[in-house]
Each structure stands twice: as C-alpha cells, then as structure tokens.
Amino acid sequence: MKGALTTVPIIKELDIVGARQSGRNLARDLGFGSVDQARIATAISELARNIYLYAGSGEISFQEVQGASPVGLKIVASDHGPGIENVSKVMEDGYSTSGGLGAGLPGVKRLMDEFDIISDDNGTKIIVVKWLR
Amino acid sequence: MRIPILKLQNYLLVSVQIELDDQTAMQFQEDLLGKIHETGATGVVVDLTSVEIIDSFIAKVLGDVVSMAGLMGAKVVFTGIQPAVSMTLIDLGIHLKNVQTALDLEQGLIKLKQELEEK
C-alpha cells in the first residue's frame with residue numbers, strides 16, 4: 001500500500017530548506033501534530049544536509065505507507081556519493097568528520113520510528129518512517 | 001537574506017522571522033558580531049518565537065555565536081524557543097548547555113539586566 005510519491009532533488013544548499021518544507025507539509029496533510037511535524041522536518045533537514053555535504057547531490061523522496069498504525073510517512077534519502085566508510089561509527093553520538101555536532105544520524109534515528117541505512121561504493125540510501133499515533 | 005539587528009540602549013535585539021537556511025544563519029553570525037563591535041553592546045536578545053525548525057547545523061551556529069559574542073564581552077540570551085523545537089533539539093541530543101534562555105523577549109531583557117548588573 002503506497003501513497004502519492006514526491007521527490008525533491010538536493011543539489012544546492014537551499015534545497016535543504018525546500019525538502020524540509022515539503023516534508024512538513026506532507027506530514028501536516030497526513031494528520032501529524034506540530035511536534036511530529038517538527039521532528040520529521042528536522043530529520044529531513046539532517047538527511048538533506050548530509051547529501052549536500054558528503055555526496056554533493058542526491059534526492060529525498062516521500063511516500064505514504066500503510067501499516068500496523070493507520071498511516072505513516074516514509075522518507076528515502078539517496079545519493080550516489082562515496083558511501084559511508086564506517087556506518088557504525090556515524091551512528092555514534094558526537095562523531096563527525098565535518099566539524100559538526102555529530103548529532104545528525106543518531107539524532108534522525110531518535111526523531112523517527114524506523115531507520116535503515118544502506119551504504120556502499122555506489123552511494124548511500126537512508127530509509128526512515130514516522131507512524132501517525 | 002539578512003536578519004535585522006536592532007539596537008536598544010546597551011542591548012541588541014534580534015527577532016528571527018524567517019526560516020533559517022545555512023547561509024542566512026552564517027550571515028547572521030557575522031552580522032551580529034560586527035554589530036556588537038560597532039555598537040559596544042553588552043547584551044543581546046535573540047527571539048526565536050517564529051523559528052519552527054532548529055537542526056544540528058543551525059544549533060551549532062547559534063551555540064557558536066554565543067561563545068563568540070562571549071569572547072567579545074557580550075552576553076546572549078535566546079528567547080521564545082517553541083515547545084516542538086525544544087523537544088526535537090533534545091531528541092537530537094543537543095542540549096545547548098552554555099546557552100542562556102528565557103521564555104519571551106521581556107523575560108530575556110530582565111535576565112540580561114540581572115546578569116549584567118551582577119558583574
């Protein structure tokens with residue numbers, strides 16, 4: 001069961017803002033409250049920035065999913081960058097190769113309900129889902 | 001996009017009314033430090049009531065500007081952080097421990113006055 005799919009390309013820095021605005025609007029339309037809208041938008045912001053920062057370009061796509069809980073928002077962040085060398089390391093709080101806070105990916109995992117990451121030489125794909133409660 | 005910085009006596013007042021992108025946040029950092037230098041302001045209130053998202057990058061920029069202003073001798077207080085924003089920041093693991101905050105602009109000014117008089 002899949003709902004309408006929207007894809008936002010991440011090419012320039014301002015696309016980060018565009019992606020999180022699209023995500024927030026979709027979340028609101030699906031019935032998410034203001035706190036979850038902020039969580040979803042923040043998670044998208046982190047994922048989009050990672051694409052821009054480490055892969056140069058990529059895309060974020062949104063999907064409505066049906067499951068145990070009535071409805072959920074699935075977000076897929078994908079790029080064809082160099083991939084993440086050490087996935088378990090980037091999931092540690094405070095680890096950063098760019099001088100950031102190192103809160104990005106572990107933070108995204110806490111903000112969302114489901115989190116999956118696939119990364120190799122061909123790029124990185126991160127799939128997250130937030131369920132409507 | 002530039003965020004306006006207003007001067008009121010010895011203080012600078014900033015109300016962030018737009019969605020913060022990376023470039024705007026970095027520009028704000030530079031503008032605020034420049035304005036502190038130019039006016040000799042000892043305190044700054046940054047009102048974040050209209051800000052709906054603070055991610056880890058924006059949080060770092062905001063936290064850094066507090067430290068930078070501190071090095072120059074000015075205190076910064078953030079006000080009006082929305083409930084949803086504070087919840088997401090804690091989820092992200094960002095506690096902004098060295099950052100002074102207050103409920104609203106008025107409380108922020110009171111806090112600044114108290115802190116600056118104590119010295």
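The name that an unreviewed UniProt entry assigns to chain B is RsbT antagonist protein RsbS, with the source organism given as Piscibacillus halophilus.

As recorded in an unreviewed UniProt entry, chain A goes by the name Serine/threonine-protein kinase RsbT, listed as coming from Piscibacillus halophilus.

Engineer: Explanation requested: the overall build of chain B in the structure shown.
Structural biologist: The helix and strand tally for chain B stands at four helices and five strands. Against the compact-globule benchmark of 14 Å for 119 residues, chain B has a radius of gyration of 13 Å, which places it among compact chains. Counting only C-alpha atoms, chain B reaches 35 × 30 × 25 Å along its principal axes. Here chain B holds 119 residues, and the buried ones make up 37% of them.

Engineer: Even after reading the chapter, I still don't get the interface of chain B and chain A, so can you show me in this structure?
Structural biologist: Interfaces are often described in size by the accessible area the parts lose on coming together. Facing the 20 residues of chain B at the interface are 23 residues of chain A. At the level of secondary structure, the elements contributing two or more residues to the side of chain B that touches chain A comprise helix 1 (22–39), helix 2 (56–72) and helix 3 (83–92) of chain B. No other element matches the seven residues that helix 3 of chain B contributes to the side of chain B that touches chain A. Classifying every residue of the side of chain B that touches chain A by side-chain character gives nine nonpolar, four polar and seven charged.

Engineer: Would you explain helix 1 of chain B in this entry?
Structural biologist: Structurally, the α-helix is built with 3.6 residues per turn, so residues lying three or four positions apart point the same way. Residues and elements named next belong to chain B. Here helix 1 is 18 residues long and its end C-alpha atoms lie 26 Å apart, about the 26 Å a rise of 1.5 Å per residue gives. Buried within helix 1 are the following residues: Thr24, Ala25, Phe28, Leu32 and Ile36. For helix 1, the angular spread of the buried residues around the axis is 105°, confining them to a single face. The outward face of helix 1, more than 90 degrees from its buried face, is lined by the exposed residues Gln23, Glu30, Gly34, His37 and Glu38. Here the buried face of helix 1 lies against strand 1 (5–8), strand 2 (11–15), strand 3 (43–47) and helix 2. In the segment just after helix 1, Gly40 is the residue with positive phi, at about 70°.

Engineer: Please clarify how the sheet that holds strand 5 (residues 100–102) of chain B should be interpreted in this entry.
Structural biologist: Adjacent strands of a sheet pair through backbone hydrogen bonds, lying either parallel or antiparallel. Residues and elements named next belong to chain B. Across the sheet, which stays open at both edges, the five strands sit in the order 1-2-3-4-5 with mixed pairing between neighbours. Looking at strand neighbours, the two that pair on one side only are strand 1 and strand 5, the edges of this open sheet. For this sheet, the mean inter-axis angle between neighbouring strands, taken without regard to orientation, is 25°. Each of strand 2, strand 3, strand 4 (75–79) and strand 5 is contacted by helix 4 (residues 105–118), which is oriented at about 155° to strand 4, the strand it contacts most.

Engineer: Which parts of the structure should I look at to understand unusual backbone geometry?
Structural biologist: One can expect most non-glycine residues to show negative phi and most peptide bonds to be in trans. Residue and element names in this part refer to chain B. One non-glycine residue with positive phi stands out, namely Gln9, at about 50°. As for its position among the elements, Gln9 is in the loop between strand 1 and strand 2. With a phi close to 40°, Leu96 is a non-glycine residue in the positive phi region. If you trace the backbone, Leu96 turns up in the loop between helix 3 and strand 5.

What counts and what doesn't
- All residue numbers here refer to positions counted from 1 along the written sequence of the relevant chain.
- Lettering of chains starts at A and numbering of ligands starts at 1, both following the order in which they are written.
- With the structure being a predicted model, the display of local features is reserved for residues of pLDDT at least 70 and the display and counting of side-chain atom pairs for 80 or more, all residues being used for whole-chain, interface and lining totals.
- A run of DSSP states H or I qualifies as a helix once it reaches four residues; a run of E qualifies as a strand once it reaches two. Both are numbered from the N-terminal end.
- In this setup the radius of gyration rests on C-alpha atoms only. A globule is expected at 2.2 Å times the number of residues raised to 0.38.
- Buried means a residue has 20 or more other C-beta atoms within 10 Å of its own C-beta, exposed means 12 or fewer, and partly exposed covers the counts in between; C-beta atoms are placed from the backbone.
- Residues are defined as contacting one another if the C-beta atoms placed from their backbone atoms lie within 7 Å.
- Residues are sorted three ways: Asp, Glu, Lys and Arg are charged, Ala, Val, Leu, Ile, Met, Phe, Trp, Tyr, Cys and Pro are nonpolar, and all the rest, Gly among them, are polar.
- The span you would expect from a helix comes to 1.5 Å times its residue count less one.
- Directions drawn from the helix axis to the C-beta atoms are what define this arc.
- Pairs of strands are assigned from DSSP output, requiring at least two bridges between the strands.
- Working convention: axes come from line fits to C-alpha atoms, limited for helices to the stretch in contact. Angles between N-to-C directions cover 0 to 180 degrees.

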